[in-house]
Amino acid sequence: MIQNGYKLLLAAFLAGFTFSTTQAQITFTKGYLVNEKGDTLRGEVKMNPKKEQDYYARVTFKDASGTQKNYKPAKVKAYGFDNEHFVSITKNDEALFYKRLTKGSILLYKGAFEVVVMNKASFEFEYFLFREGDKKLTDVKEGKFKKQLQEWMKDGQEYAEAYNDSDKKLNVESAIEVINKYNDWKKNN
C-alpha cells in the first residue's frame, strides 16, 4: 500500500516536472513587428525553440501596453527577435513567413512547408534567392547552387567561387557567408 503511494507521488512529480519544463520552453523575448501599414512596433515575440516551424506560420506579439495578439503572415509585413528576421511573402497564393538569412542586394530566405506522408504531418525547409526588383522568389537548386551563385554574382565571381559545396547539398553556412561578403562588397562599390 505504501509502495503504491510512492509510485503515485513519483508519477505526480514527473508529470508536474514534464509540464513545467515544457512550459519553460515557451518564452517572450524583445522583438519587433511591422504591421500592414508599415509601422514598426516594439514589444515582445513569443518563441518556442522546440517548434521552429511555428515561426513560419504565425507570430504571437505582445506590444508595449501588454496586449498580446496572434498574427498570420497575411496581416503582418515582418517581425523579428534576437538576430532573427522573418518577412511575409505570398507564394502560390499563400502568405507565409520566410526567414531572412542575409541582408543586402542578394537575399537568401528559408521557408518551412508542411508535408503529409501516410497521414503523418512533418515539416521540411526550403531555400530561396531574391534580389531587389524581382517579382518572386527563386528556388535554390541544391546540387547546382554554386552555378546559381555564379549567375547571380556575375560582377563578383570570386565570391561565388568561395562557396563550399563539397557534398552537393546546400551548405547553408557557406551560402550565408559568401552572399553576405558579396553584398558588403557590392554596397561599398
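Residues numbered from 1 in each chain as written. Predicted model: local features only at pLDDT ≥ 70, side-chain atom pairs only at ≥ 80, totals over all residues. Heavy atoms only, no water.

**What about the confidence of the model for the protein?**
To be explicit about the condition: pLDDT measures the predictor's confidence residue by residue and takes values from 0 up to 100. Any two residues whose heavy atoms approach within 4.5 Å at even a single point are treated as in contact.
Scored by pLDDT, the protein has a mean of 86; 87% of the residues are at 70 or more. A low-confidence stretch, residues 5-24 (pLDDT under 50), is modelled with zero contacts involving residues beyond four sequence positions or located in other chains.

**Observations concerning unusual backbone geometry**
For clarity, the cut-off: Starting at the N terminus, helices and strands are each numbered in turn, a helix being any DSSP run of H or I of at least four residues and a strand any DSSP run of E of at least two.
The backbone of Asp 93 shows a phi angle near 65°, a positive value even though the residue is not glycine. In this structure, Asp 93 sits in the loop between β6 (84-91) and β7 (94-100).

**Remarks on the pairing of β6**
Just so we agree on the cut-off: Here the rule is simple: two strands pair whenever DSSP picks up at least two bridges between them.
Pairing analysis gives four bridges linking strand β5 (residues 76-81) to β6, with the strands arranged antiparallel. From the neighbouring strand, Tyr 79 faces β6, where its bridge partner is Phe 86. Remark: two residues form the turn of the hairpin made by β5 and β6, two consecutive strands paired antiparallel; Asp 82 in that turn has positive phi of roughly 50°. Where β6 lies against β7, six bridges are found, and the strand directions are antiparallel. Counterpart to Lys 91 in the pairing with β7 is Glu 94.

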